[in-house]
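Breakdown of the fold
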Amino acid sequence: MKTLLTLFTFYLIFSFSSIAQTSNHTKEDSQAILNLINSYSKSRDTKDTVLLKKILTKDIDQLVSSGVWRSGIKEAIAGMMQSSTSNPGERTLHVEKIRFLGEEVALVDARYEIKNADGSIRKMWSSFMVVDDGKSWRISAIRNMLPAGN
């Protein structure tokens, strides 16, 4: 019985130390991911294709609210630039949740708003699949959704 109790105590201590290490790691990663989403927003506002190439993966795919799929970095960037030109407005992303699916993958949910020149606001949702390539977090997939009734 004493051995079982000792093993159980060791297991608890080991489990808590693992959780503490993960918490510190994800705090840093969460900030890096928030910075990544801010960089994405900035690159869209300023039409900065150089920055986009740094923060997107080569095999990125994007589903936009109109139902169009963009596959690969070249098509995604071209579509983003065309969209920013044809739909001008102040774009804002408010990250609501970051969910780590593993050490190198996270799902980011954000409110996506475009303030039009006439003052109206287009309210959508965006989800980003982000991956850690060993050097930095990058965006691997984007899903934009326009809720029904908006």
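Structure's up top.
Residues numbered from 1 in each chain as written. Predicted model: local features only at pLDDT ≥ 70, side-chain atom pairs only at ≥ 80, totals over all residues. Heavy atoms only, no water.

This part takes up the sheet that holds strand β5 (residues 121-132). One open sheet holds the six strands; their spatial order is β2-β1-β6-β5-β4-β3, and the pairing between them is mixed. Bordering the open sheet on either side are β2 (69-71) and β3 (90-100), each of which pairs with just one other strand. Taken over all neighbouring pairs, the strand axes of this sheet differ in orientation by 20° on average, direction set aside. As judged from the eight bridges shared by β5 and strand β6 (residues 137-145), these two strands associate in the antiparallel manner. Residue pairing across strands places D132 opposite W137, the latter belonging to β6. Contacts from helix α3 (residues 73-86) reach β1 (56-63), β2, β3 and β6 within the one sheet, and its direction differs from that of β1 by about 55°. (Pairing = 2+ DSSP bridges. Helix = DSSP H or I, 4+ residues; strand = E, 2+ residues; numbered from the N terminus. Axes fitted to C-alpha atoms, helices over the stretch in contact; angles between N-to-C directions. Contact = heavy atoms within 4.5 Å.)

Moving on, we come to the environment of K97. You can see K97 is positioned in strand β3. Separated by 10 residues in the primary sequence, K97 and L107 have C-alpha atoms spaced 8.1 Å apart. Contacts of K97, omitting those with residues within four sequence positions, involve L107, V108 and D109.

The next subject is the nonpolar core. Y40, L52, L56, M80, F128, V130 and I139 are the most contacted members of the largest nonpolar core, which has 25 residues in total. Elements that contribute at least two residues to this core include exactly α1 (2-46), α2 (49-55), β1, α3, β4 (105-115), β5 and β6. (Core = buried A, V, L, I, M, F, W, Y, C linked by side-chain atoms within 4.5 Å. Buried < 20%, exposed > 50% of the residue type's maximum accessible area, 1.4 Å probe, protein only.)

Here we take up the packing of aromatic side chains. Going through the model one piece at a time under the given rule, you end up with two aromatic pairs. For the ring pair Y40 and F128, a centre distance of 5.4 Å and an interplane angle of 75° mean the geometry is edge-to-face. Note that Y40 is positioned in helix α1 and F128 in strand β5, a separation of 88 residues in sequence. By the burial criterion, Y40 is buried, and F128 matches it. When the centroid spacing of 6.2 Å and the interplanar angle of 70° are considered together, the rings of F100 and W137 count as edge-to-face. Here F100 is found in strand β3, whereas its partner W137 is found in strand β6, with 37 residues between them in sequence. The exposure class of F100 is partly exposed, given its relative accessible area of 26%. The class for W137 is buried, based on a relative accessible area of 7%. (Phe/Tyr/Trp six-rings, centres within 6.5 Å; stacked < 30°, edge-to-face > 60°.)

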